[in-house]
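Chain and residue survey
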Amino acid sequence: MASGIHIWIVVGLLAAGCSSSDPGVKAVGAEKSSVSQESAPDPEPTVPTGPAVSVPPTTAQPDPAFPETTEPVLPNDSSGVGDELFPDLGNPGLDVTHYDIDLSYAPEVGMIAGRVELSITATVSLEQFTLDQLGLDIESVLVDGSEATFTVTDPELIITPSRPIEMGANFAVSVVYTAGATTIGSSAGVTAGWFPTELGSFTLNEPDGARTWLPSNDHPSDKATYRFAIHLPDGYTGVANGDLVSSEVSSDVTGGERVWIWEQAEPMTTYVIQVLTGPFSVVEATAPSGLLLTHAVLTEDLEVMQPFFDVTPEQIDFFDDFFGPFPLDRYGIAMTDGNFGGAMEHQGRSLFGRADFVNGTLGYLQQLLLSHELGHQWFGNAVSPARWRDIWLNESFATYAEWMWLEQTGHIDLLDEATNNLARRQDGYVATGDPGPNDLFGFEVYAGGAVVLEALRLTLGDDQFFELLQRWVADNTGLSRTTEDFIALAEEVSGRDLTQFFADWLFATDLPDVFPT
Ligand code: ZN
């Protein structure tokens, strides 16, 4: 059926403060806004609240299954890129430049049938290499179109190409697989992976869940571009990062299946991949600054979400004075129907739980969540952490951004907030700059780390502090960076030796009693 493929609905003005009609505002979604309840999937898992929640330490993580296996043995005897907190993650010798992802999701059975083609540059010569995967059913692996030998040993897919790959060579790996829509509990105390919901699904990969549904180089040190083709039954909209290129009735399958194609043209880590399915409308608008806005909300929520569409350009306009121009080519907000008690900074379109927003009130919680995830677009997405130990470069900065906006909107006084949280820091638990795997998303990294940034601001003064943040983003967008890189830039911008400052505030478990004056 060719008719009614694209439905474009004018839903109203999104650009804050704009009073003339704006033909650039449109919404597109699946034709059917209701989904049969007859074949509802299993009850969804609960996602623990992320931001600002201190997660108690858990028991030690299990040893990596690899390289204890007897065969095959990798040249460098290691399956990971050397992240001390997550030794399995990432794959030595690989620089993935692009993921071409083709997924068919069957919501009623919770199964994903996938094919991914990775464009890779070999950074060393490779007789064998690994990709991260956990629990996938791998059907075939091609390297440059030729069948390759492979072994699946969770959490790795070990691939032996028919001919060795030379250092510096560009090659393509194509993997065909199936996956159950499942989640894993990470040692960081959060749940990650592919979450079925009542009306569809969402991904929340941080820190190590992408590998449960996508064979990948699942480490933030390796950023790549992406193309997503999401095949779904009639009535479901597929949403992913970037730009909606097309939504068409699939030619290769009968029965009303539709394929949604999205392109993510800017470098991105695997942990911020967004794939949503459900009765969504995609709402496109242009902010007064000219920035493209692409939101995704349930069609039934289009009106009630308007206050949150409206405040988004206001928040961007506030932050760009301090952090520099919005660093990505687009932004938006997405609202899952899933039981999601937190929020996630999916690149270019942050994810929130609809339940926190559906009454339409723009209060403290909504301002907090919206500003925090927006702040991550500068801190975490434009500039990504090189190792999970560098997580404060994400969370402390996003929390600081959140405090700035909460002060701007009259909800808090930033210095009071920082002072109260400094008092809470006197516990000798973990350092913001070295939280260990159990506290990646704990108090010391969130509010306790925003305290560190307030101390830095008071030490450097506003001019140098915001010059530092702007330089950090301007110089490093598209890259993954370490804490040491940040410290070096702080010393360059200030012309000071800040060794003692960072020892006292970032790497200490017991902080000074009072802020510098
Ligand atoms: Zn955050």
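Up top is the structure these notes are about.
Residues numbered from 1 in each chain as written. Predicted model: local features only at pLDDT ≥ 70, side-chain atom pairs only at ≥ 80, totals over all residues. Heavy atoms only, no water.

**Description of the sheet that holds strand 5 (residues 137–143)**
This is how it is decided: Following DSSP output, two strands are said to pair if at least two bridges run between them. By definition, any uninterrupted DSSP run of H or I lasting at least four residues is a helix, any uninterrupted run of E lasting at least two residues is a strand, and each is numbered from the N terminus.
An order of 6-5-9-3-2-13-16-15 is seen for the 8 strands of this open sheet, with the pairing classed as mixed. Both edges of this open sheet fall to strand 6 (146–147) and strand 15 (243–249), since each of them pairs with a single strand only. As defined by bridge partners, strand 2 (residues 94–106) adjoins strand 13 (residues 224–232) across 7 bridges and the pair is classed as parallel. Paired with His98 across the two strands is Thr225, which belongs to strand 13.

**As for the sheet that holds strand 10 (residues 183–185)**
Operational definition: Axis angles are defined between N-to-C directions and span 0 to 180 degrees, where every axis is a line fitted to C-alpha atoms and, for a helix, only to the segment in contact.
In spatial order, the strands read 10-11-12-17-14; together these 5 strands make up an open sheet with antiparallel pairing. In this open sheet, the two edge strands, each paired with only one partner strand, are strand 10 and strand 14 (237–240). Each neighbouring strand pair of the sheet contributes to a mean axis angle of 15°, computed without reference to strand direction. Note: strand 10 against strand 11 (residues 191–196), 3 bridges, orientation antiparallel. Each residue of the ladder has a partner; that of Thr183, found in strand 11, is Gly193.

**Some points on the side chain of Ser201**
Keep this limit in mind: Between N or O atoms, a polar contact is any pair within 3.5 Å; within protein, one atom must be a potential hydrogen donor and the other a potential acceptor, and residues adjacent in sequence are included only when both atoms are from side chains. Any pair of residues with heavy atoms lying within 4.5 Å of one another is described as a contacting pair.
Tracing the chain through its elements places Ser201 in strand 12 (residues 201–204). Here Trp194 takes part through its side chain, which lies 3.5 Å from a polar atom of the side chain of Ser201. Every residue in contact with Ser201, bar those within four places of it in the chain, is listed here: Tyr105, Trp194, Phe195, Pro196, Val275, Leu276 and Thr277.

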